[in-house]
Amino acid sequence: MASMRDIKRRKESVQSTSQITKAMKLVSTVKLQHAKEKAEESKPYFDKMYQTVTEMLSGKAELPASWVRDDQAGASGKKGIVLISSNRGLAGGYNSNIAKKVMNDVFTPDNTLIFPVGRKGLESLKSKGYNFRGDFSEVINKPLYSDAIQIGKEVMSAYEMNEIDEIYLAYTVFKNTMTQIPTLIRLFPFTEEDLEDFQEEGLEQTGNLPDKTIMNYEPDEEESLEVILPMYLNSIIYGALMESLASEHGARMQAMDSATKNAEEMIDDLELRYNRARQGEEAKHCEHS
């Protein structure tokens, strides 16, 4: 049976840990609020970008050939994944869940090239033998749109050089402080099904608006798409960065809250054990008296 001194030391250690987890929860709460505000501020821009692309593709505009690659001759057969995780742990299953989205029979170390954002994801997949291009780990600390542009350029360069022929995005969708959803989506090239979805959404946006002003593009829609589509890609990446950042802080806040509650339960249990040990010592003392 543990002595009173051992129980007291253990209790003090748990109390110290509880203070740390409480502080980390408060920090994550503040950071989460800032991340949510940034995401909400930028959302109108990305919504308008998506609306513009869907409207253009719902008409007669055709995508540039590089964005709809039918002929795979000379392609590498590799898939590229922009993987967004965090640089720090203590966030529950946040990092392991997004890594698991990649580690499967479809995305193997032999056919997958990772563009890592966040050291935790990089470390997890590196240990499994996956190959990497670049390291954008510092980006997730404070994402900027210029960071998304840099990542987009790196991805497009590998795509245009036929080093990869598909690009995916692995990130975590922020639903609320209790729920964060690891997500894997394909960015490009577009399939026929993707184009049909764009056209359907574009028609939904404009079909019931007979007085909708027809948008004119100079020099034409096809050339305008050449400029807009990279911006569209960068927008998706930036949106994923902001979603993932909010998810990280939400997951860490929840993990620290659970850790604090567990610590408090342990403290109560240790307090009870301490009192019992003290009563036992008092009883022994009375017997000897």
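Below you will find a few notes about this structure. (Residues numbered from 1 in each chain as written. Predicted model: local features only at pLDDT ≥ 70, side-chain atom pairs only at ≥ 80, totals over all residues. Heavy atoms only, no water.)

**With respect to the pattern of salt bridges**
Definition in use: By definition, a salt bridge exists where a carboxyl oxygen of Asp or Glu is found within 4 Å of a side-chain nitrogen of Lys or Arg. Numbering of helices and strands starts at the N terminus; helices are DSSP runs of H or I of at least 4 residues and strands are runs of E of at least 2. Each residue gets one of three labels from its accessible area relative to the maximum for its type: buried under 20%, exposed over 50%, partly exposed in between, using a 1.4 Å probe on protein chains only.
All told, the structure shown has eleven salt bridges when counted by the stated rule. For the salt bridge of Asp257 with Lys25, the shortest nitrogen-to-oxygen distance reads 2.8 Å. With a gap of 232 residues between them, Asp257 in helix α6 (residues 221-288) and Lys25 in helix α1 (residues 4-58) connect regions that are remote in the sequence. Asp257 gets classed as buried once you look at its relative accessible area, which sits at 14%.

**Focus: helix α3 (residues 119-126)**
Counted only if it meets this: Comment: arc refers to directions from the helix axis out to C-beta atoms. In what follows, a contact means two residues having at least one pair of non-hydrogen atoms within 4.5 Å.
Every buried residue of α3 is listed here: Gly121, Leu122 and Leu125. Down the axis of α3, the smallest arc covering the buried residues is 100 degrees, so these residues share one side. As for α3, its buried residues are in contact with β1 (79-84), α2 (94-102), β2 (112-117) and β3 (131-132).

**Let's talk about the packing of aromatic side chains**
As a reminder of what qualifies: By convention, a stacked pair of Phe, Tyr or Trp rings (six-membered ring in the case of Trp) has centres within 6.5 Å and planes under 30 degrees apart, an edge-to-face pair has planes over 60 apart, and any other such pair is tilted.
Tallied over the entire structure, the rule returns four aromatic pairs. Taking 5.0 Å as the distance between ring centres and 80 degrees as the angle between the ring planes, the aromatic pair formed by Phe107 and Tyr168 counts as edge-to-face. Residue Phe107 is found in the loop between α2 and β2, and its partner Tyr168 is found in strand β4 (residues 166-174); the two are separated by 61 residues along the sequence. Each member of the pair, Phe107 as well as Tyr168, is classed as buried. Here a set of aromatic residues connected by ring pairs shows up, and it is made of Tyr45, Tyr145 and Tyr238.

**With respect to the pairing of strand β5 (residues 180-188)**
Remark: a regular strand shows side chains that alternate across the two faces of the sheet. We count it as follows: Only strands that DSSP links by at least two bridges are regarded as paired with each other.
As paired strands, β4 and β5 are joined by eight bridges and run antiparallel to one another. Within β5, the position partnered with Ala170 by the bridge is Leu184.

**Details of a negative patch on the surface**
The test is simple: For patch building, the residue pool is restricted to those with more than 30% relative accessible area and no salt bridge; the joining distance is 9 Å between like charges and 5 Å between nonpolar side chains (Val, Leu, Ile, Met, Phe, Trp, Tyr). Methods summary: accessible areas were calculated by the Shrake-Rupley approach with a probe of 1.4 Å, and residue burial reflects only the protein chains presented. A positive count includes Lys and Arg, and a negative count includes Asp and Glu. His and the chain ends are not counted in either. Charge coordinates come from a single atom per side chain, which is NZ of Lys, CZ of Arg, CG of Asp or CD of Glu.
Among the surface-exposed residues, Glu192, Glu193, Glu196, Asp197 and Glu200 lie close enough to one another that they form a single negatively charged patch. Following the sequence through the fold, Glu193 ends up in helix α5 (residues 192-206).

**Regarding the environment of Leu144**
In this fold, Leu144 is placed in the loop between β3 and α4 (145-160). In the structure, Leu144 is positioned 97 residues away from Leu241 in sequence and 8.8 Å away in space, judged by C-alpha atoms.

**Structural notes on the sheet that holds β5**
Applied cut-off: For helices, the axis comes from a line fit to the C-alpha atoms of the stretch in contact; other axes are also lines fit to C-alpha atoms, and the angle between any two N-to-C directions lies between 0 and 180 degrees.
Sheet architecture is open: five strands sit in the order β3-β2-β1-β4-β5, paired in mixed fashion. Every interior strand has two partners, whereas the edge strands, β3 and β5, have only one. By the bridge criterion, six bridges tie β1 to β2 in an arrangement that is parallel. Each residue of the ladder has a partner; that of Ile81, found in β2, is Ile114. With respect to the sheet, α2 is in contact with β1, β2, β4 and β5, its orientation differing from that of β5 by roughly 35 degrees.

**Concerning the side chain of Ser137**
Keep this limit in mind: Any pair of N or O atoms that falls within 3.5 Å is considered a polar contact. Within protein, one atom must be able to donate a hydrogen and the other to accept it, and sequence-neighbouring residues count only if both atoms are side-chain atoms.
The residue Ser137 is located in the loop between β3 and α4 in this model. Judged by relative accessible area, which is 3%, Ser137 ranks as buried. Of note is the side chain of Ser137, whose polar atom sits 3.5 Å from the backbone nitrogen of Arg119. Beyond its immediate chain neighbours, meaning those up to four positions away, Ser137 contacts Asn87, Pro116, Val117, Gly118 and Arg119.

**Structural notes on the side chain of Thr21**
Along the chain, Thr21 falls in helix α1. Beyond its immediate sequence surroundings of up to four residues, Thr21 is in contact with Met256, Ala259 and Thr260.

**Looking at unusual backbone geometry**
Backbone torsion omega between Phe188 and Pro189 reads 5 degrees, so that peptide bond is classified as cis. You will see that Leu90, though not glycine, has its phi angle at about 55 degrees, which is positive. Here Leu90 shows up in the loop between β1 and α2.

**As for the pairing of β4**
Judged by how many residues are buried, β4 sits mostly within the fold: eight of nine residues are covered. Strand direction decides the pairing type here: β1 and β4, joined by five bridges, are parallel. Bridge pairing in β4 places Lys79 opposite Glu166. Linking β4 to β5, which pair antiparallel, is a turn of five residues.

**Quick look at a nonpolar patch on the surface**
A surface patch of nonpolar side chains, amounting to about 270 Å² of accessible area, comprises Tyr45, Val227 and Met231. Along the chain, Met231 falls in helix α6. With a relative accessible area of 33%, Met231 lands in the partly exposed category.

**With respect to α2**
Taken together, the buried positions of α2 are Tyr94, Asn95, Ile98, Ala99 and Val102. Along α2, the residues classed as buried sweep out an arc of 125 degrees about the axis, all on the same side.

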